[in-house]
Amino acid sequence: MVSVTDRPVSPSGHRTDPAPLLSIKGLHTSVRSRGESFDVVRGLSLDVYPNEVLCLVGESGCGKSITALSVMGLLPDPPVRIREGEILFHGQDLVALGNKQMRDIRADSISMIFQDPLTSLDPVFTVGEVMVEVIRAHRDMNKSDARNLAGETLAKVGLPDPITRLDSYPHQLSGGMRQRVMIAMALVLDPEILIADEPTTALDVTVQAQILDQLLTEQRERNMAMLLITHDLAVVASIADRVAVMYSGEIVEQATVDELFENPRHPYTQGLLRALPKVSTVRQQLDPIPGLVPYLQFLPPGCSFAPRCPHALDRCWEEPPELVPDQEGRVFRCFNPQDFTER
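A quick note: this is a predicted structure, and the numbers were derived from the prediction, not measured.

1. Description of the sheet that holds strand β10 (residues 250-256)
Line of reasoning, step 1. Spatially, the eight strands line up as an open sheet ordered β6-β7-β8-β3-β9-β10-β12-β11, and their pairing is mixed. Of all the strands in the sheet, just β6 (110-113) and β11 (324-325) have a single pairing partner and so form its edges.

As structure tokens, then:
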């Protein structure tokens, strides 16, 4: 796997591109529960540029997957809906599109890999039947050619004996094989952007590394942008160009991957890095972030991280901070940033 030190320098650190492929602006996605609505994504703005890997990082429940589903137009409405904001793809607002238009974009331009391939694949159809149906629904291709393309794509993503696997049902494949099938299905129509939502969560460590290497290889060979959603900073270090850290439904810090690991500015990002296991220590005590993530329907009036922050000021409890840039060009949401020190 590519490490943070030997990864080639990407042009996507401080962006100079004229326009992003995907631009999320002021996104508010809300959930209605027991007669009340509250935002699970709060004012999120995020750009994804051509040929880059952007990682969206945060604890479970912070709104990462809801953000991805908002982009894909796959929210279960009701009870979840986009309340406000724009999602621009090549300047076109996806929020305003109808179901048929979004289906075409999902097929041709933006694809997604979901967390659990076993629940994402239909158990009553073979891998080949599903892939051929997807290809023929969006390409003028006969069944034989579509099956050949499906087999070629499965081989490209490293699935062993791909032609035989076309006739396999999902339950007949291992977890790693199913995830490779999901990658192949997402890539078979050659999208411009791939959204990968925790693609290695259910896999063992060895298979995780193989899947991440495969994703990075495909991203580079296809000149494709990738939005990778994860809670694992080790994954971020190995694959990302830029990183957006999410907490309680909002972005709290954005930076290049090198900047983030060398000098994180937000106390939540610093806490995540301190909580990483140190491989050089045989016996170690992990350094967790104190406290609990607040319920999104009962957020404090000021900074959502204030109840867990060792550097919170009176102002932090009263006023929500805005995202502001520092001298290096990164952005973070904090009134009292501290230099990062390992404990």
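2. Comments concerning the pattern of salt bridges
Pairing is possible between side chains that carry opposite charge, provided their charged atoms lie close to one another.
Line of reasoning, step 1. With the rule as written, the count across this model stands at 16 salt bridges.
Line of reasoning, step 2. Here Arg 83 ties to Glu 84 by a salt bridge, and the two come within 3.6 Å at their closest N and O atoms.
Line of reasoning, step 3. One salt bridge in this structure joins Arg 333 and Glu 250, with 3.9 Å as the shortest N-O distance. Here the residue Arg 333 occupies a position in the segment after β12 (331-332), and Glu 250 occupies one in strand β10, the gap between them amounting to 83 residues. Of the two residues examined, Arg 333 and Glu 250, each falls in the buried class.
Line of reasoning, step 4. Bridged by salt links that share partners, the residues Lys 156, Asp 190, Glu 218, Glu 221 and Arg 222 form one connected network.

3. So, helix α2 (residues 99-108)
Line of reasoning, step 1. If you check which residues of α2 are buried, you get Met 102, Ile 105 and Ala 107.
Line of reasoning, step 2. Check the buried side of α2 and you find it contacts α1 (64-72), β5 (92-93), β6 and α4 (127-138).

4. A word on the pairing of strand β9 (residues 242-247)
Line of reasoning, step 1. With six of six residues buried, β9 lies mostly within the body of the structure.
Line of reasoning, step 2. Along β9, one buried face is formed by Arg 242, Ala 244 and Met 246 and the opposite face, lined by Val 243, Val 245 and Tyr 247, is buried too.
Line of reasoning, step 3. The pairing of strand β3 (residues 53-57) with β9 spans four bridges and is parallel. Across the sheet, Leu 54 pairs through a bridge with Arg 242, a residue of β9.
Line of reasoning, step 4. Relative to β10, β9 runs antiparallel, the two sharing six bridges. Bridge pairing links Val 243 to Ala 255 in β10.
Line of reasoning, step 5. Taking the residues between adjacent antiparallel strands as the criterion, β9 and β10 are bridged by two residues, where Ser 248 takes a positive phi near 50°.

Parameters and conventions
- Residues numbered from 1 in each chain as written.
- Predicted model: local features only at pLDDT ≥ 70, side-chain atom pairs only at ≥ 80, totals over all residues.
- Heavy atoms only, no water.
- Pairing = 2+ DSSP bridges.
- Helix = DSSP H or I, 4+ residues; strand = E, 2+ residues; numbered from the N terminus.
- Salt bridge = Lys/Arg side-chain N within 4 Å of Asp/Glu carboxyl O.
- Buried < 20%, exposed > 50% of the residue type's maximum accessible area, 1.4 Å probe, protein only.
- Contact = heavy atoms within 4.5 Å.

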